[in-house]
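Fold and geometry: a report
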2 protein chains.
Amino acid sequence: METITSNQNSKVKEWKKLQSKKGRTKAGEYVIEGWHIVGEAINHHKQLLTVMVTNEDFLDELDFDSANTPVYLITPEIANHISSTETPQGVFAVLKTEDYHEKLPDNLKGSWLLLDNIQDPGNIGTMVRTADAAGISGIVFGQGTADIYNPKVVRAMQGSQFHMQLFSGNLLDWLAALKKHGVKTFGTELNDEAVPYSTVVPTDSFGLVMGNEGNGVSPEILSWTDQNLYIPMKGEAESLNVAVATGILIFHLCK
Amino acid sequence: METITSNQNSKVKEWKKLQSKKGRTKAGEYVIEGWHIVGEAINHHKQLLTVMVTNEDFLDELDFDSANTPVYLITPEIANHISSTETPQGVFAVLKTEDYHEKLPDNLKGSWLLLDNIQDPGNIGTMVRTADAAGISGIVFGQGTADIYNPKVVRAMQGSQFHMQLFSGNLLDWLAALKKHGVKTFGTELNDEAVPYSTVVPTDSFGLVMGNEGNGVSPEILSWTDQNLYIPMKGEAESLNVAVATGILIFHLCK
């Protein structure tokens with residue numbers, strides 16, 4: 001095991017570069033960190049390209065193929081340098097960026113969450129984690145939605161990328177395909193034709209589009225959905241955080 | 001209207017100090033920012049102690065008593081310096097820290113959200129905003145729960161502090177008082193006696209305790225609740241973000 005003590009080390013520079021989308025795209029790799037997420041990657045048999053720890057004893061807690069994985073002992077300073085959190089746990093791994101599908105699946109029966117131009121990485125990660133908990137079949141990242149490998153998205157997903165099907169695609173193509181396969185699609189906008197979500201009978205096959213934090217779902221996409229849902233507000237707040245709204249909707253809709 | 005161009009100005013230093021809890025406690029003031037939140041403060045007749053804008057024209061959009069309120073024109077650099085966001089909108093106001101009640105209300109009929117040691121400011125603010133949307137009567141910040149005037153809490157609340165009753169108190173006192181008034185209380189923990197939340201009949205009078213992100217509700221507090229609820233997970237994620245879980249629970253429970 002090699003010990004690294006300087007932020008100027010070429011390996012550290014490589015890891016640091018993976019904090020940017022450009023760096024991740026170029027390397028085809030991203031960094032995960034923290035006991036829970038690294039543990040989830042191991043449990044789901046993801047290949048760890050590299051493991052970095054601030055304490056040698058940490059390796060005893062991680063059940064991976066250490067004979068065939070480069071492992072580096074790094075200083076707390078380096079951990080701070082490459083971490084996306086303020087208080088890193090000192091456990092990192094590099095993975096391939098491979099958890100994304102570009103092609104629509106053949107079988108579209110199931111429950112699908114479609115993200116239209118969601119901006120906040122924390123919201124996106126939380127939506128993926130929430131959809132995972134609810135038993136959603138897959139999530140589609142539409143154009144404009146932030147990168148799934150963004151460190152803040154990765155942190156908020158809590159490892160859900162290892163057990164969810166994640167897609168990148170054009171939401172109009174998806175809505176057309178869902179319609180063709182007889183899967184009902186819901187938009188989320190308060191308009192004259194919208195119905196309270198609680199009036200919809202739970203089902204195991206649907207598509208739900210959640211929209212941009214400020215502007216909601218784009219009109220073109222809304223026009224392709226079968227029905228619009230809204231969450232009745234009993235208090236004075238005018239809107240909900242988009243991840244909270246997603247939780248309320250999918251925990252009701254999923255049978 | 002005075003123009004300020006230096007971060008070294010004494011007023012700027014005062015505003016900057018309000019970013020820390022110590023500074024807020026000492027001054028009895030806190031800063032709000034952004035069009036929506038400042039607008040909410042004005043709509044709810046909160047006294048603006050000071051208004052700061054980066055553009056004189058912004059004042060035309062704000063309907064406050066400008067004759068009796070000190071207004072400062074500040075540079076974008078100062079806006080960045082005193083802002084808690086990366087892209088400030090250039091509209092700020094200073095308010096009194098007065099939206100908190102220490103004493104239990106006489107009438108405990110209603111729906112109450114009790115926060116036990118919630119740590120993340122974004123989660124806390126989102127929970128307040130969600131409770132507001134659901135029509136919750138009041139929120140109790142138990143010991144250990146982060147300060148309501150923390151800039152990240154304030155941002156995530158989106159102005160809900162102006163229309164919600166917010167309390168600071170000992171949750172055991174609250175649970176005892178709710179019990180005495182015949183208000184049913186729910187803990188949130190997955191244990192042998194917990195029931196799925198969806199089996200509870202919606203009601204207009206209850207207390208719901210949400211716990212710490214990592215450790216959940218403390219055992220002592222749980223022992224004082226009438227019933228434990230859990231959210232069945234159909235997928236592989238082991239837990240939900242606490243603000244999302246709050247949304248799912250209170251939008252079901254609130255009649």
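For the structure itself, consult the block above.
Report follows, based on the coordinates. Nothing here was measured: the structure is a model prediction, and the numbers come from that model. (Residues numbered from 1 in each chain as written. Chains lettered and ligands numbered in written order. Predicted model: local features only at pLDDT ≥ 70, side-chain atom pairs only at ≥ 80, totals over all residues. Heavy atoms only, no water.)

Description of the packing of helix α5 (residues 121–134) of chain B against helix α9 (residues 242–253) of chain B
The description of two helices packed together rests on the angle between their axes and the distance between the axes. Residues and elements named next belong to chain B. What counts here: Fitted lines through C-alpha atoms give the axes, limited to the stretch in contact for helices. The angle between two N-to-C directions lies from 0 to 180 degrees. Numbering of helices and strands runs from the N terminus, with a helix taken as a DSSP run of H or I at least four residues long and a strand as a DSSP run of E at least two residues long. With respect to orientation, any angle under 35 degrees is reported as roughly parallel, any angle over 145 as roughly antiparallel, any angle of 65 to 115 as roughly perpendicular, and every other angle as oblique. Helix crossings are classified by the rotation of the near helix relative to the far one: an anticlockwise turn of less than a right angle makes the crossing left-handed, while a clockwise turn makes it right-handed. We call two residues contacting when some pair of their heavy atoms lies within 4.5 Å. Lys, Arg, Asp and Glu make up the charged group, whereas Ala, Val, Leu, Ile, Met, Phe, Trp, Tyr, Cys and Pro make up the nonpolar group; the residues left over, Gly among them, are polar.
Relative to each other, α5 and α9 sit at 15 degrees, their axes nearing to 9 Å. With respect to α9, the element α5 is oriented roughly parallel. Between α5 and α9 lies a crossing whose hand is right-handed. Of the residues in α9, those in contact with N123, T126, M127, T130, A131, A133 and A134 of α5 are V242, A243, T246, G247, I250 and F251. Looking at the contact of α5 with α9 residue by residue, the class counts come to eight nonpolar, five polar and no charged.

Points about the pattern of salt bridges
All names here are of chain B. Where we set the bar: Any Lys or Arg side-chain nitrogen found within 4 Å of a carboxyl oxygen on Asp or Glu counts as a salt bridge. Classification of residues uses two cut-offs on accessible area relative to the type maximum, computed with a 1.4 Å probe and protein chains only: under 20% is buried, over 50% is exposed, and between them is partly exposed.
Counted according to the given criterion, the structure contains eight salt bridges over all chains. Between K11 and E14 there is a salt bridge, and its shortest N-O distance comes to 3.6 Å. Of this pair, K11 and E14 both sit in helix α1 (residues 10–17), three residues apart, roughly one helical turn. Taking relative accessible area as the criterion, K11 reaches 26% and is therefore assigned partly exposed. Its relative accessible area of 40% is what places E14 among the partly exposed residues. With a shortest N-O distance of 3.4 Å, D226 and K179 are connected by a salt bridge. Here D226 is found in the loop between α8 (219–222) and β13 (227–230), whereas its partner K179 is found in helix α7 (residues 171–180), with 47 residues between them in sequence. Overall, K179 belongs to the partly exposed group, its relative accessible area being 40%.

Re the layout of surface pockets
Residue and element names in this part refer to chain A. To keep it simple, the criterion reads: Cavities and pockets were defined on a 1 Å grid built over protein atoms only: a cavity is a set of grid points that admits a 1.4 Å probe from which the probe cannot escape, a pocket is an open set flanked by protein on both sides within 12 Å along at least five of seven lines, and lining residues are those with an atom within 4 Å of any such point. Grid points are joined across faces, edges and corners, and a volume is the space filled by probe spheres set on the points. Boundaries of every domain are those given by an automatic assignment or by a domain database.
Within this model, the second largest pocket holds a volume of roughly 310 Å³. Forming the walls of the second largest pocket are 16 residues, and the residues nearest its centre are K21, Y100, E102, D147 and S168. In terms of residues, the lining of the second largest pocket owes the most to one element, helix α2 (residues 21–27), which gives three residues. Residues of the lining of the second largest pocket, tallied by class, amount to four nonpolar, eight polar and four charged. Two domains each put at least three residues into the lining of the second largest pocket: domain 1 (2–96) and domain 2 (100–253).

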